[in-house]
Amino acid sequence: MTWIIEESKSQQQLASDFMEHVKNDNALPIVGAHDGMSSLLAKKCGFNHLYLSGGALSASMGIPDIGLLTLEDVAGRAREIIRASNLPLLVDIDNGFGEPLNVARTCLEMVEARVAAVQIEDQQIPKKCGHLNGKKLISEDDMVKKIQMIKKTAPTLKIVARSDAYAVEGMPGMTERLHAYIEAGADIVFPEAMRSEDDFRFMRKEFNVPVLANMTEFGKTDYIDLETFSEIGINLVIFPVTSLRAAAYNIETTYKVIKEKGTQKSVLDKLQTRKELYEILKLHEYEEMDSKIARTVLPGEQVDD
Ligand SMILES: C[C@](O)(C(=O)O)[C@H](CC(=O)O)C(=O)O
């Protein structure tokens, strides 16, 4: 909870930092951070913008990404990540949790949590991962009303308008919708489940606002690297569920070792050490705030006093 030991940025500051970088950088990488710890690790590795994925958040809660998350689940986790990292966060709010009035409440909660930008999509509930079959859409007009509502009630929040229309209405339907969403006030467009480099080149030429690419794993989109996205002119690239998949894989691998061998000793070099944990959490800075707390000395470290 870095916000106890450091000065926190305001929502307006985080939102304008976000938009400035999106406009000035090419292929800005925005890595998924599904909790406070992963946000600190992303920051340590040099990423300055984060994404809170509905897929990763729901998976971390042990449920599938089919519209079961509540507004409180998302707002609470967004708050946790921003408090920990003090970085601009783009939050996946699915369909906004209902009709335009619900969307208004959702976005005011996001502003209170200091979220920089929200991503809202045009799927019906129950929604599906954009890379799966059988998606159903709300009308273009209903989506436009939601975007207009965000603009009116939470004007400092940046809006990423996602369309899932490619698989349902084809490229013409999707581009028509995204133009309408820009007209309604979207700052960035997110054409979901593109297939290839050529699709992204087409999208880049079609719109005069920043375009987002989704580099989720095991989906319908070819793996395209940041250098290629930069050459195409794509503005931002999300890696939404990667942190969750990496954590899940490594947790499972480690559990198996303990189950099989009765000890974790053989995988100690694959674990975050106690020293690394306390460093990333800035434990000493907390201790220094209260002289009643003894400064932690790690096992094996020299004691000064
Ligand atoms: C971006 C996304 O909405 C998410 O929840 O992160 C998902 C990612 C995924 O399921 O891989 C998506 O629908 O693309």
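Residues numbered from 1 in each chain as written. Predicted model: local features only at pLDDT ≥ 70, side-chain atom pairs only at ≥ 80, totals over all residues. Heavy atoms only, no water.

For the protein, the name recorded in an unreviewed UniProt entry is Methylisocitrate lyase, with Jeotgalicoccus saudimassiliensis as its organism. Recorded in UniProt under Cofactor (unreviewed entry), the annotation for the protein is "Mg(2+)". (UniProt positions renumbered as here; feature names shortened; annotations may be inferred.)

Draft legend 1. Spotlight on the packing of helix α5 (residues 100-112) against helix α6 (residues 140-153). Axis separation between α5 and α6 bottoms out at 9 Å; the angle between their running directions is 40°. If you check the angle between α5 and α6, you find them oblique. Pair α5 / α6 crosses with right-handed handedness. Along its contact with α5, which presents P100, L101, V103, A104, C107 and L108, the element α6 presents K145, K146, M149, I150 and T153. Grouping the amino acids of the contact of α5 with α6 by side-chain chemistry returns 8 nonpolar, 1 polar and 2 charged. (Axes fitted to C-alpha atoms, helices over the stretch in contact; angles between N-to-C directions. Helix = DSSP H or I, 4+ residues; strand = E, 2+ residues; numbered from the N terminus. Parallel < 35°, antiparallel > 145°, perpendicular 65-115°, else oblique. Left-handed = near helix turned anticlockwise from the far one by under 90°. Contact = heavy atoms within 4.5 Å. Nonpolar A, V, L, I, M, F, W, Y, C, P; charged D, E, K, R; others polar.)

Draft legend 2. Representation of the site of the ligand within the structure. Taken together, 16 residues are adjacent to the ligand, and S53, G55, G130, E192 and T216 come closest. One of the backbone nitrogen or oxygen atoms of G54 is found 3.3 Å away from an oxygen atom of the ligand. T216 places a polar side-chain atom, nitrogen or oxygen, 2.5 Å from an oxygen atom of the ligand. Protein chains shield 95% of the accessible area of the ligand, which is 340 Å² for the free molecule. (Near = heavy atom within 4 Å. Polar contact = N/O pair within 3.5 Å; in protein donor to acceptor, adjacent residues only side chain to side chain. Areas by Shrake-Rupley, 256 points an atom, 1.4 Å probe, with all protein chains shown as cover.)

Draft legend 3. Region of the structure containing the environment of R274. Along the chain, R274 turns up in helix α11 (residues 274-281). Sequence-wise, R274 and L41 are 233 residues apart; in three dimensions their C-alpha atoms are separated by 15 Å. Excluding its chain neighbours within four sequence positions, the residues that come into contact with R274 are L298 and P299. Here the side chain of R274 touches Y278 through a polar contact of 2.8 Å, side chain to side chain.

Draft legend 4. Inspection of the environment of T156 at higher detail. Mapping T156 onto the fold places it in the loop between α6 and β5 (158-163). Overall, the relative accessible area of 28% leaves T156 in the partly exposed class. For the pair T156 and L71, spaced 85 residues apart in sequence, the C-alpha separation works out to 19 Å. If we ignore the near neighbours within four places in the chain, the residues touching T156 are Q11, Q12, A15, V111 and A116. A polar contact of 2.6 Å, which involves the side chain of T156, links it to the side chain of Q11. (Buried < 20%, exposed > 50% of the residue type's maximum accessible area, 1.4 Å probe, protein only.)

Draft legend 5. Region of interest: helix α4 (residues 71-85). Here α4 spans 21 Å end to end across 15 residues, near enough to the 21 Å set by a 1.5 Å rise per residue. For α4, the set of buried residues is L71, V74, A75, R77, A78, I81, I82, A84 and S85. The secondary structure elements touched by the buried residues of α4 are α1 (11-24), α2 (36-44), β2 (50-52), α3 (54-60), β3 (89-92) and α5. (Expected span 1.5 Å × (residues − 1).)

Draft legend 6. The arrangement of the sheet that holds strand β6 (residues 188-191) in detail. The sheet built from 8 strands is open, its strands ordered β6-β5-β4-β3-β2-β1-β8-β7 with parallel pairing. Both edges of this open sheet fall to β6 and β7 (212-214), since each of them pairs with a single strand only. Averaged over all pairs of adjacent strands, the angle between strand axes in this sheet comes to 25°, irrespective of strand direction. Sheet topology places β2 next to β3; 3 bridges connect them, and they run parallel. (Pairing = 2+ DSSP bridges.)

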